[in-house]
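Below are the chains, spelled out letter by letter.
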Amino acid sequence: MPPARPAAITTWRPPGFPDVMVSRVEEDTRLWVGHSTAYVITVTYAGAFDFWYRGQVRTQVAGPRLKLKEPGEVHRDERVHAPVTAQSVAFSPSLVEGAARQLGRAAMPHLREALSHGQGRTEATALALHAALTAREADALELDSRITEVLGALLTEYAEPPAPRNVPPHRPAVLRARDYLRACFTRNVGLDALATAVGLNKFHLLRLFRAELGLPPHEYVTHLRVARARTLLAQGMPAAEVATEVGLCDQSQLNRHFRRIAGLTPGQFVRALRPRQ
């Protein structure tokens, strides 16, 4: 595999759909680590890669099987077998939760699978939506219809209650640590304070946190900060103010972490969101 090169990344929001974000990479060889803040459906058009999710390593190849994500979880790429061209559409939690309520399902839907089965309504509707988003020619009614079809299929086919599983005895403490960090990620939280708050020693917490969530606590916080920075930048806040708002030292630190995690500088991200003339 050749050395990773800068990925060609495009990001945009369909006009009139603030709860939907589209991202596309072309011929990408970079290994990505991401904390998801949305429900995401990814189509892989070319290439293949291994990724870690929910304690397992899986392989994604080009074809009809879709990569699925839900908020609060970490995906980590392990190996790129061939350069990847893929497109992701992210739906805000509020959009998906609203659809779930209308369908009579759990308020915070849990997706049972990391990869779709390869055939079914979810694949058919998602591929049609991705094609419409790529062409950027669909009107508001078509996009709204296609998004509604995708969410209906996804929640019907993949949001059933997960099968019961044995819960590790310390998992509740790790989840409390996760929630603690979510509540105060803009502050500098020490590992000793975090461990004390959840009732574990810091060595045990560090090991369990990484095993359960895929990242150590400090890196998890960085992903939370970058996710919040994306929202603030999209709202028009200057990058220097965003850095302070999310708990980073300065704009240069924001630039470094944002580019590493999002693949774009904050400035490139903001320009990508501007409507095309």
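Look up a bit, the structure's there.
Values in this document were obtained by computation on a predicted structure and should not be read as measured data. (Residues numbered from 1 in each chain as written. Predicted model: local features only at pLDDT ≥ 70, side-chain atom pairs only at ≥ 80, totals over all residues. Heavy atoms only, no water.)

Points about the pairing of strand β4 (residues 39–53)
Logical step 1: Of all 15 residues making up β4, 12 are buried, and the element is well covered by its neighbours.
Logical step 2: Examined bridge by bridge, β4 and strand β7 (residues 74–91) share 12 bridges and lie antiparallel to one another. Bridged to Ile41 within β7 is Val89.
Logical step 3: Where β4 and strand β5 (residues 56–61) come together, six bridges link them in antiparallel fashion. (Buried < 20%, exposed > 50% of the residue type's maximum accessible area, 1.4 Å probe, protein only. Helix = DSSP H or I, 4+ residues; strand = E, 2+ residues; numbered from the N terminus. Pairing = 2+ DSSP bridges.)

Digging into helix α3 (residues 140–158)
A turn of α-helix holds 3.6 residues, and therefore any two residues three or four places apart point the same way.
Logical step 1: The terminal C-alpha atoms of α3 lie 26 Å apart, and with 19 residues this matches the ideal 27 Å at 1.5 Å per residue to within 8%.
Logical step 2: Taken residue by residue, α3 has Leu143, Ile147, Val150, Leu151, Gly152, Ala153, Leu154, Leu155 and Tyr158 as its buried positions.
Logical step 3: Close packing links the buried residues of α3 with β2 (20–28), β4, β6 (67–69), β7, α1 (93–102) and α2 (121–135).
Logical step 4: For α3, the N-terminal capping position is held by Asp139, with its side-chain oxygen 3.3 Å away from the main-chain nitrogen of Leu141. (Expected span 1.5 Å × (residues − 1). Contact = heavy atoms within 4.5 Å. Polar contact = N/O pair within 3.5 Å; in protein donor to acceptor, adjacent residues only side chain to side chain.)

As for the packing of helix α4 (residues 171–183) against helix α5 (residues 191–198)
Logical step 1: Relative to each other, α4 and α5 sit at 125 degrees, their axes nearing to 9 Å. With respect to α5, the element α4 is oriented oblique. Along this stretch, α4 crosses α5, giving a crossing that reads as right-handed. Contact residues: α4 offers Ala173, Arg176, Ala177, Tyr180 and Leu181, while α5 offers Leu194, Ala197 and Val198.
Logical step 2: Looking at the contact of α4 with α5 residue by residue, the classes come out as seven nonpolar, no polar and one charged. (Axes fitted to C-alpha atoms, helices over the stretch in contact; angles between N-to-C directions. Parallel < 35°, antiparallel > 145°, perpendicular 65-115°, else oblique. Left-handed = near helix turned anticlockwise from the far one by under 90°. Nonpolar A, V, L, I, M, F, W, Y, C, P; charged D, E, K, R; others polar.)

Examining the pairing of β2
Logical step 1: Where strand β1 (residues 8–12) meets β2, five bridges bridge the pair, whose relative direction is antiparallel. Considered in β2, the bridge of Ala8 is made with Glu26.
Logical step 2: Bridge count for β2 against β7 is seven bridges, and the pairing is antiparallel. Pairing of Ser23 across the sheet is with Ser88, part of β7.

Digging into the environment of Gly120
Logical step 1: Position of Gly120 relative to the elements: it lies in the loop between α1 and α2.
Logical step 2: A residue is classified by how much of its surface remains accessible, and Gly120, at 36% relative accessible area, is partly exposed.
Logical step 3: Distance in space between the C-alpha atoms of Gly120 and Ala153 is 8.5 Å, their sequence separation being 33 residues.

A word on the nonpolar core
Logical step 1: Residues Val242, Leu254 and Phe258 are the most contacted members of the largest nonpolar core, which totals 30 residues.
Logical step 2: Elements supplying a minimum of two residues to this core: β2, β4, β7, α7 (217–234), α8 (239–245) and α9 (251–262). (Core = buried A, V, L, I, M, F, W, Y, C linked by side-chain atoms within 4.5 Å.)

Considering α1
Logical step 1: Burial in α1 covers these residues: Val96, Glu97, Gly98, Ala99 and Ala100.
Logical step 2: Its buried side turned inward, α1 meets β4, β7 and α3.
Logical step 3: Looking one or two residues past α1, Gly104 carries a phi angle of roughly 75 degrees, positive in sign.

In short, the description is geometric, and any link to function would need to be established separately.
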